[in-house]
Structures are given as C-alpha cells and as structure tokens.
Amino acid sequence: MSDRNETFVLIVDDNTNNLGVLYRYLDDEGFTVLVSQDGERAVRLAREQQPDLILLDIMLPGMNGFETCRALKSDERTAGIPVIFISALTDVQDKVRGFRAGGVDYITKPFNQEEVLARIVAHVTIKRQREQLDELNATKDRLFSIIGHDLRGPFMGLLGALELLRDCSDDLDSETAQELIENLYGSAEKTYHLLENLLEWARSQRRTTTIAPRAIDVARIVSDAVQVFSAAARQKGVSVRVDIPDGTTCFADRDMINTVVRNLVNNAIKFTGSDGAVTITARSNSETVTIVVADTGVGIAPDDLCRLFDLGRSISRSGTGGERGTGLGLMLARDYVSRNGGTISAESVQGCGSTFRLTLPAGPTTEVEQTADS
Ligand SMILES: Nc1ncnc2c1ncn2[C@@H]1O[C@H](COP(=O)(O)OP(=O)(O)OP(=O)(O)O)[C@@H](O)[C@H]1O
Ligand SMILES: [Mg+2]
C-alpha cells in the first residue's frame, strides 16, 4: 500500500477505551485517524471526509453498526468505502449479518493489533486497485465510444464512394471519377490518422512506450513542426513567427514532445483564418522551459476549454479551411506531457484567439542532442 499518511481511517466505537487504544495504535502506525462514538455522526463524517476505510463497532447507541453499515452502503457517496466490523459479538450469525449489511471483514474483540493492521492494509489496497480498475474501465468505454462514433463516419464515406465506383464506373466522366477518388483519399487519410492516434494513445496507456528523456533543442523541434505545416499556413494566409532564444533546451522524450508540438502548431494554423498570425515563443529558467503557441484565430468557447484535454469529452471541429481532425491530439498531448513531468494548459477568448502553454523540465544548456541529420 502507498503512503500510510494518505490513508484515512474512521473508527466508530462508543467505548472511549477501545477508541483510545485503536486511535493511538493506528496513529502511531502513520494513518490519519478520525473517530465517532455513534452511527449517525459516522455516516455524516464518512460523507464529508471520504475515509479510505471504516472500523465499525456493532453495539452503538441509537443506530447500531449493522444499520450504520447499511446506511453507508445505500448512499453512493459512501458505498465504496470498505467497512470492517470490530465487535465483541462472536456468534457466527452476527458475523453473517455483518457481511450481509455490506461489511468486507469482521474482527472479534479482544483483537490483535497486528491483525487489525494487516486487514486494514489488505482492504485499502483492494479499494485502491478497484478504483484504478474503474478508472481504466471508464477510459476504455470512452475509447470504444470514440472508435464507434468517429471511425464509422469516414468508413461510410469510403464505402459509399467505392460502391459508386464499382457500380457506375462505366458511366462516370473522368472529372467525376477524379472527384470521387479525391473523396476516397480524404476519407482514407482521416481514418488512418484517427487510427494512428488511437493506437498511439492505447500504446501509451499500456505503458509499453518507454520514455527516453534527453536534452532537446526546442528551436529545432519547433522549426521542424512549423516546416510541416508551412505550406498549409501560406495557402490560408496565416503568418507564423517563431521567437526562441538559441540554446533553449528541455529534457524530455523527443518523439513524444515532437507529437505534442506538432499538434499545437497544427491546431493554431488550422483554427486561424486568413490574415491571422501564429506566434511560437519559448522562455526558460533553471528548472523549466515554457513553450507558448499563440494564435489570433477563432478561439474556444469557455465550456469547451475545460474539457479540451479529456478523452472522449473533447470536441473536434473543422478548421477555418475545412480541415478535419480526430479530436484526440490534445488528449494525447496531456498524457505525453504529464509522463515527461510537464504541464499543458490553454487560455482562449472566442473570436480573438487561443494560447497554449507547454511547460517541461529544462535541459542542460550544453550537450544538446545531435540527430543524424543535424
Ligand atoms: N488553437 C486552437 N484554436 C481553436 N480551437 C482549438 C485550438 N486547438 C484546439 N482547438 C479545439 O480543440 C479541439 C481538439 O483539438 P485536438 O488537437 O485534440 O484535435 P483535432 O485538432 O480536432 O484533431 P487532430 O489533432 O487529431 O488532428 C479541436 O477540434 C478544436 O475544436
Ligand atoms: Mg489537433
């Protein structure tokens, strides 16, 4: 189990002696402990304080332990907190009632302190693992819904155009055929991009991508990204300005940060109309490097801004020139950046533009990586 200091145990017992003994023992063992002498208060405390585990006596004034446990289990805010009964009642029937009321364990008094400790640790570990599994499962559900929703569209386009080519190819003039082929190509390209992003994200979730942090020349990585989209920017009439002091280095995984910067630059150009400007700057101190990608584009609505980086909740809009994306780029970016010990955030004013701020650990000022082509 991780740090005990962060493990919060609620003890419920009307006997001050018992309470004192358990409190001192768990406190000495490094747990954060809260106490209650009756069931009603215990339920209230559990709701407000969200302990990791509750040690619950059965014979309590007012609401007894079984009733208290049932009340906890019937409220979704407290249902997931494991309850261990700790009672002088040794009858098998009482133990069975305890489990039926929703308890995960039953310890009889007088108890052995080490046994109590071992059971607490075991149940808190199970609770944490269950929470992790729930989180992963929710992520997987969201991922499936993205796949179902977003892969369907381009495939319908592909199939429709192919059907037309198959059934009517003799009747199509070369211009229409060319248009169909362009559509086919666009759909295939979008589907492939989506698939690539999904696979990259799935790989990163399985933690099979190892992070290889090293000193990266920030100006270089930015100019590579700008290079990729410079034709698109020129075509749209968007000017791109880069202002990064020589020798600015961050310490991170090159491929991951490449992906992140490329998406930020792509987004900025994509969501900026003609005569707009994209400015990329970087500033560093001894600890961090902050790369700022600012644009004078369409901006982002406040409601969308707060879910930009969330899987399955993010929005994907077409760019000002009709460019389509997958809506996964920023989610991947957040994942990659946090795995490299950095942060990413966004500010925006609708109609005026957006600013994305990427902060990464600073690299040494010398020994910048040399790539084969540099
Ligand atoms: N600079 C920006 N200006 C305005 N809106 C933005 C900007 N950057 C991102 N967004 C909004 O956030 C959405 C999600 O961006 P993200 O990079 O995750 O996906 P995408 O660009 O749609 O797809 P992909 O990155 O796969 O090409 C975009 O579709 C857009 O609506
Ligand atoms: Mg994008």
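All values reported here derive from a predicted model rather than from experimental measurement.

We now examine the pattern of salt bridges. What the rule picks out here adds up to 16 salt bridges. Its salt-bridge partner being lysine 127, residue aspartate 52 comes within 3.4 Å of it at the nearest N-O pair. One end of the pair, aspartate 52, is in the loop between helix 2 (39-49) and strand 3 (53-56); the other, lysine 127, is in helix 5 (residues 113-168), and 75 residues separate them in sequence. Each member of the pair aspartate 52 and lysine 127 is classed as buried. Of the charged contacts, one joins arginine 119 and glutamate 115 as a salt bridge, the two residues approaching to 2.7 Å between their closest N and O atoms.

The next subject is the site of ligand 1. In the neighbourhood of ligand 1, 22 residues make up the surrounding shell, with Asn267, Lys270, Arg317, Thr326 and Leu330 lying closest. Here an oxygen atom of ligand 1 and a backbone polar atom of glycine 329 are 3.2 Å apart. With respect to ligand 1, the side chain of serine 354 contributes an N or O atom lying 3.3 Å from a nitrogen atom. Isolated, ligand 1 exposes 600 Å² of accessible area, and the fraction of that covered by the protein chains is 98%. Counting atoms within 2 Å of the grid points, the majority share of ligand 1 lands in the largest pocket. Per-element accounting of the shell around ligand 1 gives the leading share, four residues, to helix 8 (residues 254-270). Residue composition of the shell around ligand 1, grouped by class: eight nonpolar, 11 polar and three charged.

What follows is about the layout of surface pockets. Taken as a whole, the largest pocket holds about 1300 Å³ of empty space. Lining the largest pocket we find 45 residues, and of these Asn263, Asn266, Asn267, Lys270 and Gly325 sit closest to its centre. At the level of elements, helix 6 (174-205), helix 7 (218-236), helix 8, helix 10 (329-339) and strand 12 (353-361) are the ones that each hand at least two residues to the lining of the largest pocket. No other element matches the eight residues that helix 8 contributes to the lining of the largest pocket. Across the lining of the largest pocket, the residue classes tally to 15 nonpolar, 19 polar and 11 charged. The residues that make up the lining of the largest pocket include at least three from each of domain 2 (136-205) and domain 3 (213-361).

What follows deals with the coordination of the magnesium ion (ligand 2). Summarising the metal site, the magnesium ion (ligand 2) is bound by the protein donors Asn263 (OD1) and Asn267 (OD1), whose distances to it range over 2.1 to 2.2 Å. Pair noted here: asparagine 263 and asparagine 267 are both in helix 8, with a separation of four residues, about one helical turn. Exposure class is identical for asparagine 263 and asparagine 267. Each is buried.

A few words on helix 4 (residues 92-100). The N-cap of helix 4, judged by a side-chain oxygen 2.9 Å from the amide nitrogen of glutamine 93 a few residues on, is aspartate 91. Positive backbone phi, at 115°, marks glycine 102, one or two positions downstream of helix 4.

Let's shift gears to the sheet that holds strand 1 (residues 8-12). Here we have five strands laid out as an open sheet, ordered 2-1-3-4-5, and parallel in their pairing. In the strand order of this sheet, the two ends are held by strand 2 (32-36) and strand 5 (105-108), each with one partner. Sheet twist, expressed as the mean angle between neighbouring strand axes with direction ignored, is 20°. Pairing of strand 4 (residues 83-87) with strand 5, which is carried by four bridges, proceeds in the parallel orientation. For phenylalanine 85, the partnering residue across the bridge sits in strand 5 and is tyrosine 106. Docked against the sheet, helix 1 (residues 16-28) engages strand 1, strand 2, strand 3 and strand 4, running at close to 165° with respect to strand 2. Against the sheet, helix 4 contacts strand 4 and strand 5, and its axis sits at roughly 145° relative to strand 5.

Across the junction of lysine 109 and proline 110, the peptide omega takes the value 0°, indicating a cis bond. Tracing the backbone through its elements, the reader meets proline 110 in the loop between strand 5 and helix 5. Of note, the phi angle at glutamine 50 is positive, near 50°, even though the residue is not glycine. Along the chain, glutamine 50 falls in the loop between helix 2 and strand 3.

So, on to the sheet that holds strand 9 (residues 277-284). Taken in spatial order, the five strands make up an open sheet running 7-9-10-12-11, and their pairing is mixed. Each end of this open sheet is capped by a strand with a single partner; those strands are strand 7 (239-243) and strand 11 (343-349). Each strand of the sheet is rotated relative to its neighbour by a mean of 10°, with strand direction disregarded. Here seven bridges tie strand 11 to strand 12, and the two strands are oriented antiparallel to one another.

What counts and how
- Residues numbered from 1 in each chain as written.
- Chains lettered and ligands numbered in written order.
- Predicted model: local features only at pLDDT ≥ 70, side-chain atom pairs only at ≥ 80, totals over all residues.
- Heavy atoms only, no water.
- Salt bridge = Lys/Arg side-chain N within 4 Å of Asp/Glu carboxyl O.
- Helix = DSSP H or I, 4+ residues; strand = E, 2+ residues; numbered from the N terminus.
- Buried < 20%, exposed > 50% of the residue type's maximum accessible area, 1.4 Å probe, protein only.
- Near = heavy atom within 4 Å.
- Polar contact = N/O pair within 3.5 Å; in protein donor to acceptor, adjacent residues only side chain to side chain.
- Areas by Shrake-Rupley, 256 points an atom, 1.4 Å probe, with all protein chains shown as cover.
- 1 Å grid on protein atoms, 1.4 Å probe; cavity = no way out; pocket = protein on both sides within 12 Å on 5 of 7 lines; lining within 4 Å.
- Sits in = over half its atoms within 2 Å of the grid points.
- Nonpolar A, V, L, I, M, F, W, Y, C, P; charged D, E, K, R; others polar.
- Points joined across faces, edges and corners; volume = space filled by probe spheres on them.
- Domains from an automatic or database assignment.
- Donors = N, O, S within 2.8 Å, 3.2 Å for Na, K, Ca; no water.
- Pairing = 2+ DSSP bridges.
- Axes fitted to C-alpha atoms, helices over the stretch in contact; angles between N-to-C directions.
- Contact = heavy atoms within 4.5 Å.

Interpretation note: all reported values are geometric properties and have no functional meaning in isolation.
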